[in-house]
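# Per-entry structural report
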Amino acid sequence: MTDHHRTNLMTLTRYVLEEQRQHPDATGDLTIAMNSVQVGCKFVEACVRKARLINLVGLAGNTNVQGEDQKKLDVLSNEMFVNALMASGKFSFMVSEEVDDIVVVPEELRGKYCITFDPLDGSSNIDAGVNVGTIFGIWRLPSGPKATVDEILVPGSEIIAGGYCMYGSSCNLILTFGNNRVEGFTLDPALGEFILTHPDIRIPSRGNIYSVNEGNSLYWDEATRAYFDGLKFPAAESGRKPYSARYIGSMVADVHRTLLYGGVFAYPSDRKSRSGKLRILYESFPMAYIVEQAGGRATTGTQRVLDLVPKNIHDRCPIFLGGADDIAEVEAAFASHKNWLDGTQS
């Protein structure tokens, strides 16, 4: 007898349609928008898998707005996403890591959403076969297709959908529309569909792994140094064991592990990068939104990440994200070093 659960597959398309049915007033626009996102993810996944074979690794000969050398696959991924998103007719503006300015959609194709995305996060690692990914966030524009670019620079709390797609040993797409639910899908290459494999992901409130580039520890402020020293050398009376260090160097991969196993991922500010390194609109906001919807928290150390209001589309911020109890300890470390951070002595 056929196993009903093996044949009754919850695909990403079906999931989004069922979410739409839960809202009788829904127009279907967000469903179409998400379909264009998953098309882009499938294309990039196929390119990543055969990048070496078709000579897509190496530099394209350009630098992006961040001053980073662009890889051939960076450029191709960005073009694919821009074309797929624009063709959907549901976006008026796009903000990409690979493009200096806001991408303004032609008037006849404009919709009521804005999307921000990093088409290929961690691409500097791709030649070594390390996991890379796409990060995206979607906002509803108050003025719809007639919106102006000023409507993009808003607090992260106004985001309505966020996700990332990780390309590695499997292709995983993690998605949330809010409502304190985060779902994980895995691409089945035979079907060409994302299948729900990780329903209702919840991040443990406390983990035992920290993920940070300790090569920058020489430049950290006292609060950051004190926090990570506390994880590595816990006080004897606490009865806690030291946390394990795991750092891949690809935000998507490091956050994915943190989301599933708990702990803390951090890219703090330091003397080299006083505003932090990760970009607010298309890295920090979507990831903070996902983690919060999974029961975790995300902070700069002194402020909730989703309360930030960027002044420019490529602004950066420091970030610590993870389980609620772990992030509470981050904030406590920063509060106890407030005088030092303010430039005064305790």
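How each quantity is defined
Within each chain, residues carry numbers counting from 1 in the order of the written sequence. Per-residue local features are limited, in this predicted model, to residues with pLDDT of at least 70; the limit for side-chain atom pairs, both in listing and counting, is 80 or more; totals at the level of whole chains, interfaces and linings are taken over all residues. With hydrogens and water stripped out, all remaining heavy atoms of the structure feed into the side-chain values. Numbering goes from the N terminus for both helices and strands, where a helix is a DSSP run of H or I of at least four residues and a strand is a run of E of at least two. Each radius of gyration is computed over the set of C-alpha atoms, and the globule rule expresses the reference value as 2.2 Å times the number of residues to the power 0.38. Note on exposure labels: buried denotes an accessible area under 20% of the residue type's maximum, exposed denotes more than 50%, and partly exposed covers the range between, all computed with a 1.4 Å probe on protein chains only. The contact criterion used throughout is that any non-hydrogen atoms of two residues lie within 4.5 Å. Accessible surface area values rest on a Shrake-Rupley calculation with a 1.4 Å probe, where residue burial reflects the displayed protein chains alone. Positive charge is attributed to Lys and Arg, negative charge to Asp and Glu, and no charge count is given to His or to the chain ends. Charge coordinates come from a single atom per side chain, which is NZ of Lys, CZ of Arg, CG of Asp or CD of Glu. Two strands qualify as a pair provided DSSP detects at least 2 bridges between them. UniProt positions are given in the numbering used here, feature names are shortened, and annotations may be inferred rather than shown by experiment. Every axis in this analysis is a line fitted to C-alpha atoms, fitted for helices over the stretch in contact. Angles between the N-to-C directions lie between 0 and 180 degrees. By definition in this entry, angles of less than 35 degrees are roughly parallel, angles greater than 145 are roughly antiparallel, angles of 65 to 115 are roughly perpendicular, and the rest are oblique. Less than a right angle of anticlockwise turn of the near helix away from the far helix marks a crossing as left-handed, whereas a clockwise turn marks it as right-handed. Following the grouping adopted for this structure description, the nonpolar residues are Ala, Val, Leu, Ile, Met, Phe, Trp, Tyr, Cys and Pro, the charged ones are Asp, Glu, Lys and Arg, and the polar ones are all others, Gly among them.

## A word on the overall build of the chain
- Scanning the chain from terminus to terminus reveals nine helices and 17 strands.
- Here the C-alpha radius of gyration of the chain, 20 Å, is about what a compact globule of 346 residues would show, namely 20 Å.
- For the chain, the spread of C-alpha atoms along the principal axes amounts to about 60 × 55 × 45 Å.
- Going through the 346 residues of the chain one by one, you find that 52% of them count as buried.
- Within the chain, residue pairs in contact and separated by at least 24 positions form 63% of the contacts whose partners lie at least 6 positions apart.
- Split by element, the accessible area of the chain, about 15600 Å² in all, is 50% carbon and sulfur.
- In the chain, 33 side chains carry a positive charge and 42 a negative one; their mean positions are 3 Å apart.

## Focus: helix 7 (residues 280-293)
- Among the 14 residues in helix 7, 14 count as buried, and that is most of the element.
- One or two positions beyond helix 7, positive phi appears at Gly-295, with a value near 100°.

## Some details on the sheet that holds strand 5 (residues 113-121)
- In spatial order, the strands read 4-3-5-6-7-8-9-10; together these eight strands make up an open sheet with mixed pairing. Across the chains shown, the open sheet's two edge strands, defined by having one partner strand only, are strand 4 (103-104) and strand 10 (193-198).
- Bridge count for strand 3 (residues 91-96) against strand 4 is two bridges, and the pairing is antiparallel. By the bridge assignment for strand 4, Met-94 is matched with Val-103.

## Topic: the UniProt feature "domain: Fructose-1-6-bisphosphatase class 1 C-terminal" (unreviewed entry) in the chain
- Per the UniProt record, "domain: Fructose-1-6-bisphosphatase class 1 C-terminal" (unreviewed entry) is found at residues 203-333.
- Along residues 203-333 the backbone is 35% helical and 15% strand, and the end-to-end C-alpha distance reaches 22 Å.

## Brief notes about the packing of helix 6 (residues 251-261) against helix 7
- Here helix 6 crosses helix 7 at 15°, and the two axes come no closer than 11 Å. The orientation of helix 6 relative to helix 7 falls into the category roughly parallel. Viewed along their axes, helix 6 and helix 7 form a crossing whose handedness is right-handed. Contact with helix 6, carried on its side by Met-251, Val-252, Val-255 and Leu-259, involves Glu-283, Met-287 and Ile-290 of helix 7 and no other residues of that element.
- When its residues are assigned to classes, the contact of helix 6 with helix 7 shows six nonpolar, no polar and one charged.

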